[in-house]
Amino acid sequence: MRRLWPLLVSCVVLVPFVVAAAVPELLSDASPIAIDPVNALLPPGARHWFGTDQLGRDLFTRVVHGARPSLLIGAGATGAAVVAGGLLGLAAALGGRAADQVVMRVADVLMSLPQLLVALVVIAVLGTGTTNLVLAIAIAFVPGYARVVRAEALVVRGSGYVESARGLGLRRPVLIVRHILPNAVGPLLVLATVGFGTALIAGSGLGFLGFGTQPPAPEWGAMLAEGRDFLETAWWLGVFPGAAITVTVIAVNVLGRVARGRFAGGKP
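**Q** It is not clear to me how the environment of I139 should be interpreted in this structure. Could you clarify?
**A** Position of I139 relative to the elements: it lies in helix α5 (residues 130-157). Separated by 54 residues in the primary sequence, I139 and G85 place their C-alpha atoms 9.1 Å from one another. Once residues within four sequence positions are removed from consideration, I139 is found in contact with V118 and V122.

Here you go:
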């Protein structure tokens, strides 16, 4: 039971954020973009749990509605990076020496650069916006996933049961789908759990710089940017969006740690 309580706590913590992303109206039926200058910069209280921002918008409502774009950026970027990295890793491991050299050298070049810098270069080419932000983060994360899948696929390809299956006349596509792919992708899915938290931080950081969801739509990183000029007089503008990012990332990382421990057969 002691090993399960971090998993249970993380799941309980993540449930409200998942609900906020899926059906934000269940938590707050107010408009996240309706302004009310008369009630601008009100501190947290019974009427406005998280206070109001500089335009009088309810901050709790904006944090709730900001969960959807923030989590979708993290999940979308992670999912795209996992799929692309998995395909490239398999191509490098099973496509011959030439394919291996090309894929790995490109991956080495990208991994030698900071992921945030790679994402910024992609955004400079594609432009700003939520979709382009997801693609930029995904491209920055692809090399890491590709290397993991390549390493796992090489190990599985040389294992005894794959050699036996090949000796029995099993065709190459069947070998890949039935034996190599499932065993190579397992560690990738565990890594993606932790990678989601990293992608969420990257998305919030780029949103803070103005490259993601554009105002007045709420997004946690953009909300931090809007509130940075008011921190001395209205601390709640930065604390609550920042707390949402922090709590979500910690909970997801705990899930990833538990999953990694279970997959490796050790203690989480």
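**Q** What's the story with the packing of aromatic side chains in this structure? I'm lost.
**A** Two measures describe an aromatic ring pair: the distance that separates the ring centres and the angle between the ring planes. Summed over the entire model, instances satisfying the criterion amount to six aromatic pairs. Between F17 and W220, the ring centres sit 5.9 Å apart and the planes meet at 85°, which makes this aromatic pair edge-to-face. Of this pair, F17 sits in helix α1 (residues 5-22) while W220 is found in helix α8 (residues 220-227), placing the two residues 203 residues apart along the sequence. Residue F17 shares its accessibility class with W220, and that shared class is buried. Measuring from centroid to centroid gives 5.6 Å for W235 and W236, while their planes differ by 80°, and the two rings are edge-to-face. You can call W236 buried: its relative accessible area is 5%.

**Q** Would you mind showing me how to read the nonpolar core here?
**A** Among soluble globular proteins, nonpolar side chains are generally buried collectively. Membership of the largest hydrophobic core comes to 30 residues, with the highest contact counts inside it found for I137, F141 and Y145. Elements that contribute at least two residues to this core include exactly α2 (59-94), α4 (115-126), α5 and α7 (172-208). Ranked by the residues each element gives to this core, the list is headed by α5, at 12 residues. Those residues in contact with F141 that sit more than four places away from it in its chain are A81, Q115, G195, T198 and A199. Core analysis: the second largest hydrophobic core is formed by 25 residues, A20, A21, V252 and L255 among them.

**Q** Teacher, can you tell me more about α5 here?
**A** Along an α-helix, a turn takes 3.6 residues, which lines up residues three or four apart on a common side. In a regular helix each residue adds 1.5 Å, so 28 residues correspond to 40 Å; α5 covers 39 Å between its end C-alpha atoms and thus fits that length. In α5, a bend of some 40° at F141 exceeds every other bend along the element, and P143, a proline, comes one to four places later.

**Q** Would you explain the packing of α2 against α5 in this entry?
**A** The angle between the axes and the distance between the axes are what describe a pair of packed helices. Direction vectors running N to C along α2 and α5 enclose 35°, while the axes themselves pass 5 Å from each other. Handedness of the crossing formed by α2 with α5: right-handed. Its residues assigned to classes, the contact of α2 with α5 shows 22 nonpolar, six polar and two charged.

**Q** Mind showing me how you'd approach α4 here?
**A** An ideal rise of 1.5 Å per residue puts 16 Å on 12 residues; α4 measures up with 16 Å between its terminal C-alpha atoms. Looking at α4, one finds that the buried residues are V118, A119, V122 and I123. Projection of α4 onto a plane perpendicular to its axis shows the buried side chains occupying an angular sector of 135°, all on one side. For α4, exposure combined with an orientation more than 90 degrees from the buried face picks out A124 and V125. Backbone geometry just downstream of α4 places G127 in the positive-phi region, at approximately 100°.

**Q** Help me understand unusual backbone geometry in this model?
**A** Negative phi values dominate among residues other than glycine, just as trans dominates among peptide bonds. The linkage connecting P215 with the following residue, P216, adopts the cis geometry, with an omega of 10°. Relative to the assigned elements, P216 resides in the loop between α7 and α8. With a phi angle near 60°, L41 is a residue other than glycine that sits in the positive phi range. As for its position among the elements, L41 is in the loop between α1 and α2.

**Q** So what exactly am I meant to see when it comes to the packing of helix α3 (residues 97-111) against α5 here?
**A** Contact pair α3 / α5: the axes reach a minimum separation of 9 Å and the direction vectors enclose 140°. When the axes of α3 and α5 are compared, the pair comes out oblique. With respect to the hand of their crossing, α3 and α5 are arranged in left-handed fashion. Along the contact surface, α3 presents D100, M104, A107, D108, L110 and M111, while α5 presents P143, G144, A146, R147 and R150. Among the residues forming the contact of α3 with α5, the class breakdown is six nonpolar, one polar and four charged.

Analysis parameters
Residues numbered from 1 in each chain as written. Predicted model: local features only at pLDDT ≥ 70, side-chain atom pairs only at ≥ 80, totals over all residues. Heavy atoms only, no water. Helix = DSSP H or I, 4+ residues; strand = E, 2+ residues; numbered from the N terminus. Contact = heavy atoms within 4.5 Å. Phe/Tyr/Trp six-rings, centres within 6.5 Å; stacked < 30°, edge-to-face > 60°. Buried < 20%, exposed > 50% of the residue type's maximum accessible area, 1.4 Å probe, protein only. Core = buried A, V, L, I, M, F, W, Y, C linked by side-chain atoms within 4.5 Å. Expected span 1.5 Å × (residues − 1). Bend = angle between axes of the 7 residues up to and from the residue. Axes fitted to C-alpha atoms, helices over the stretch in contact; angles between N-to-C directions. Left-handed = near helix turned anticlockwise from the far one by under 90°. Nonpolar A, V, L, I, M, F, W, Y, C, P; charged D, E, K, R; others polar. Arc of directions from axis to C-beta. Parallel < 35°, antiparallel > 145°, perpendicular 65-115°, else oblique.

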